[in-house]
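# Results of the structural survey
Residues per chain are reported as follows:
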Amino acid sequence: MPIVTVIVPVYNSAALLRRCLTALRASTYSALEILVVDDASTDESPEVAREFGARVVTLNGNRGPAYARNRGAEAAGGELLFFIDADVCVHPDTVERAVRVFQEKPDVSALMGSYDNQPGDPFFLSQYKNLFHHYVHQRGRHEASTFWSGCGAIRREVFLDMGGFNEGYGRPCIEDIELGFRLRATGHRILLERSVQATHLKRWGFVNLIQTEIFGRGVPWVALMLRDRSTVHDLNLSWHSRVGTVLAYLLLLWVGWMVVSGQALAALPVLAVIGLGTASVLLHDRTDRRTWRELTVMGIAVTPLIVWAVNALTPAAAPGLALLVAILAIHEDFYRFYCRTRGICFAAGVVPLHLLFFLYSGLCIPLGIATHYQDQRRARKWATGPGAIPTAPLRPISAETLKRRSLAG
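Owing to the predicted nature of the structure, the values given are computational and were not obtained by experimental measurement.

Strands sit in the order β3-β2-β1-β4-β7-β6-β8-β5 across an open sheet of eight strands; the sheet is mixed. Whereas interior strands pair on both sides, the edge strands pair on one side only; in this sheet they are β3 (55-58) and β5 (88-90). Here the average twist between neighbouring strands, direction ignored, is 30 degrees. In this structure, strand β4 (residues 80-84) lies alongside strand β7 (residues 151-155), joined through five bridges in antiparallel fashion. The partner of F82 across the bridge, within β7, is A153. Contacting β1 (4-10), β2 (32-38), β3 and β4, helix α3 (residues 65-75) crosses the sheet at an angle of about 150 degrees to β1. Packed onto the sheet, helix α5 (residues 124-138) meets β6 (108-115) and β8 (189-200) and runs at close to 140 degrees relative to β6.

Burial analysis of β1 places seven of its seven residues in the buried class, the great majority of the element. Taking every second residue as pointing to the same face, both faces of β1 are buried, with V4, V6, V8 and V10 on one and T5, I7 and P9 on the other. Strand direction decides the pairing type here: β1 and β2, joined by seven bridges, are parallel. Residue V6 lies in a different strand from β2, and its bridge partner there is I34. Handedness of the β-α-β unit built from β1, helix α1 (residues 14-25) and β2 comes out right-handed. In this sheet, β4 lies alongside β1 in parallel orientation, the contact comprising four bridges. By the bridge assignment, V4 is partnered in β4 with L80.

Between helix α7 (residues 175-185) and helix α8 (residues 206-228), whose axes approach to 10 Å, the crossing angle comes to 20 degrees. Classified by the angle their axes make, α7 and α8 are roughly parallel. Both α7 and α8 take part in a crossing whose hand is right-handed. Where α7 approaches α8, its residues D176, I177, E178 and F181 are matched on the opposing element by R217, W221, L224, M225, R227 and D228. Partitioning the contact of α7 with α8 into residue classes produces five nonpolar, no polar and five charged.

What follows covers the packing of helix α9 (residues 239-260) against helix α12 (residues 318-330). Running from amino to carboxyl end, α9 crosses α12 at an angle of 165 degrees, the nearest separation of the two axes being 9 Å. Judged by the inter-axis angle, α9 sits roughly antiparallel to α12. As for how α9 packs across α12, the hand of that crossing is left-handed. Across the interface between the two elements, W239, H240, V243, L247, A248, L250, L251 and W254 of α9 pack against P319, G320, L323, L324, A326, I327 and I330 of α12. Looking at the contact of α9 with α12 residue by residue, the classes come out as 13 nonpolar, two polar and no charged.

About the cut-offs
Residues numbered from 1 in each chain as written. Predicted model: local features only at pLDDT ≥ 70, side-chain atom pairs only at ≥ 80, totals over all residues. Heavy atoms only, no water. Pairing = 2+ DSSP bridges. Helix = DSSP H or I, 4+ residues; strand = E, 2+ residues; numbered from the N terminus. Axes fitted to C-alpha atoms, helices over the stretch in contact; angles between N-to-C directions. Contact = heavy atoms within 4.5 Å. Buried < 20%, exposed > 50% of the residue type's maximum accessible area, 1.4 Å probe, protein only. Right-handed = clockwise from strand over helix to strand, strands pointing away. Parallel < 35°, antiparallel > 145°, perpendicular 65-115°, else oblique. Left-handed = near helix turned anticlockwise from the far one by under 90°. Nonpolar A, V, L, I, M, F, W, Y, C, P; charged D, E, K, R; others polar.

See the structure below:
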């Protein structure tokens, strides 16, 4: 049995780390080394890690997860590195399933798993986003074009030879995607294994969601594709998402034109659907979503809006309704997924958030292009930049060295 080192970077997340390590201790795979990299936490995260018998690597300054994971990889003793976040709980057989893939397919260098369909946080936004990830992972291509550090494994020798994660990303960003690009560019094989699953505990807030999706993922991902002159037609960049983004912007322009041209009432049917979804979002966190009360309360709340919208239905409303129906039809499987897992009322609440997803995804394109050219100018000036690829391989650190000093970088 190959030794697997599970590397968990943590920063001020003691409560979530406790749940993460509890799940790891229930793993069916016995040849397991748990290594927690404390990214200069000010809470009791290091103490929690030691309480569970994990090895702890302490950093002298907060440098971000890419730097922390690299230091963990240098100190790891396992043949395989399994990366998870501190707010992720693996299933009992998660590590065992991953190891089996590496044993059966020696030509595979890395694999990424999937979030499950039982997110840990009960609030609507957290359920929506974490289930969104599950849906995308479960329908992604088996031969993956990238890597994922939320629940992903890689052969240690390959990781060290590649130079690890790009430490130019000083905060949670796309360092895992960037590593995946380099792995594929050098001929390494990465698989998306849908059965390697874990539970995400993260609570999403609206502002945090928008900031992360735009500046932590979308914009740097566009800049990365421009840097490498490559395109991805998988995961969040499938043709469904691209067409949906175009249609969502056409819908937004149509609503704006109706308002400017004095035909605002024609937009009411479309706004009624969005209002219905918004009401469902608000009611989800205030009622028991699994009882009939949610449907009753929501129906009473939105009935006046629906009646008003029907009365405002005119021929001028047809283009907007057609665009909205087209978006829903193209993503019919996406909405059926939410209906199956959380019910029709929940799926109605997904509609406005999904439209918002398309709008901020489209915004990432010009921002990503601007970031790419800004990085190029900075690279020419300083001969380096935030997108620079580390070329020197990482070096393993002996246990004796770890005892003598902490890893400050």
